[in-house]
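Report on the structure
Given next are the chains, with one letter for each unit.
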Amino acid sequence: MPVLVYNINKYEFANLKISGKTPWNFNVRFMLSKNNSLLASAINKAIDTISEKQKQEIYRKWVHVTYQKGYSLKEVFGIIVVSALIMLGLIFWIRILKKDINNRKELEKELQKLSIIDSLTGIFNRYKIDSALKQQIAYSKRSNTPLSIIFFDIDHFKRINDTYGHQAGDEILKKLTVLIKEHLREYDIFGRWGGEEFIIILPDTSVKQAVKVAQKLKSIIEKNKFKYIDKLTCSFGVTELKPEDNSDSFLTRVDSLMYEAKKRGRNKIISDLNA
């Protein structure tokens, strides 16, 4: 051992380590010539005067060894198993976290949808229509393009509910919604204003063009067969945005035109052109 340590230090074997020791012991001896018998006797006497404790101190002074133990296959396997379990746990936790995030996103989407969609008919609700109308008015004034709206109401809808029940009324509202949507442009904005009242925002559309749209819808509704009733009619108000309009004045005017259509016998279209 002293020889190994000496040479490791002398030649700076930085990548050489002592990792253990063998079960064999080799006693250290001094070899002297026969002519040095007196010296041998003196050395033996000197050695005999050194206690075991002193020998250990001398040994530790000159031999500094740090043992580095390796790992057994059992220990390595144990480390691998523990690491694998930790990784599986992390993967499982990440999947749960990801699923929770996706659920939250879906919930947010659903809540957002509920905030702008009418639950019965599946079209925009009043809140969304009001917001969209303000945006379209701002765009129309900024781009100097026409903007028109159609406001219509089902004639004698209360009589339908009273006669056939609210479930029948709901079915008629849903079928009417589908029918109208099929005959609108992709960028037209259709919504339920409340009860049996509906509104259609027509971007880049003059009042003359909007009246033609209302006439087409009026004819389609009249010719269509609805459950429970023989015939369904609606009253329409149609108007175009004016330079001085805001959303309130725009809606007030079209609402008045629709009620004028009801006063004149229902199933009519009243616009800025024939008010």
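As the structure is a computational prediction, the values presented were derived from the model and not from experiment.

The rules we used
Residues numbered from 1 in each chain as written. Predicted model: local features only at pLDDT ≥ 70, side-chain atom pairs only at ≥ 80, totals over all residues. Heavy atoms only, no water. Core = buried A, V, L, I, M, F, W, Y, C linked by side-chain atoms within 4.5 Å. Buried < 20%, exposed > 50% of the residue type's maximum accessible area, 1.4 Å probe, protein only. Helix = DSSP H or I, 4+ residues; strand = E, 2+ residues; numbered from the N terminus. Contact = heavy atoms within 4.5 Å. Pairing = 2+ DSSP bridges. Axes fitted to C-alpha atoms, helices over the stretch in contact; angles between N-to-C directions. Salt bridge = Lys/Arg side-chain N within 4 Å of Asp/Glu carboxyl O.

**Side note on the nonpolar core**
Phe 152, Leu 176, Ile 180, Ile 200, Ile 221, Leu 232 and Phe 236 are the most contacted members of the largest nonpolar core, which totals 30 residues. No other element matches helix α8 (residues 207–223), which puts 7 residues into this core. Filtering out sequence-adjacent residues up to four positions away, Ile 200 remains in contact with Ser 148, Ile 149, Ile 150, Phe 152, Ile 180, Leu 184, Ile 189, Phe 190 and Leu 217.

**A look at the sheet that holds strand β1 (residues 147–154)**
In space, the 5 strands of this open sheet follow the order β2-β3-β1-β4-β5, with mixed pairing throughout. Looking at the sheet topology across the chains shown, the edges are occupied by β2 (189–194) and β5 (269–271). Neighbour-to-neighbour, the strand axes of this sheet turn through a mean angle of 20°, independent of strand direction. Summarising the sheet, β1 and strand β3 (residues 197–203) pair through 7 bridges and their orientation is antiparallel. The partner of Asp 153 across the bridge, within β3, is Glu 197. On the sheet, α8 packs against β1, β3, β4 (234–240) and β5 and is oriented at approximately 170° with respect to β4. Sheet contacts for helix α9 (residues 247–263): β1, β2, β3, β4 and β5; angle to β4, the most-contacted strand, approximately 145°.

**Considering the pattern of salt bridges**
The tally for this structure, following the rule as stated, stands at 10 salt bridges. For the salt bridge of Lys 134 with Asp 130, the shortest nitrogen-to-oxygen distance reads 3.5 Å. A residue pair is termed a helical-turn pair when its members lie 3 or 4 positions apart in one helix, as Lys 134 and Asp 130 do in helix α5 (residues 126–143) at 4 residues. Classification of Asp 130 as partly exposed rests on a relative accessible area of 24%. In this structure, the salt-bridge partner of Asp 272 is Arg 253, at a minimum N-O distance of 3.9 Å.

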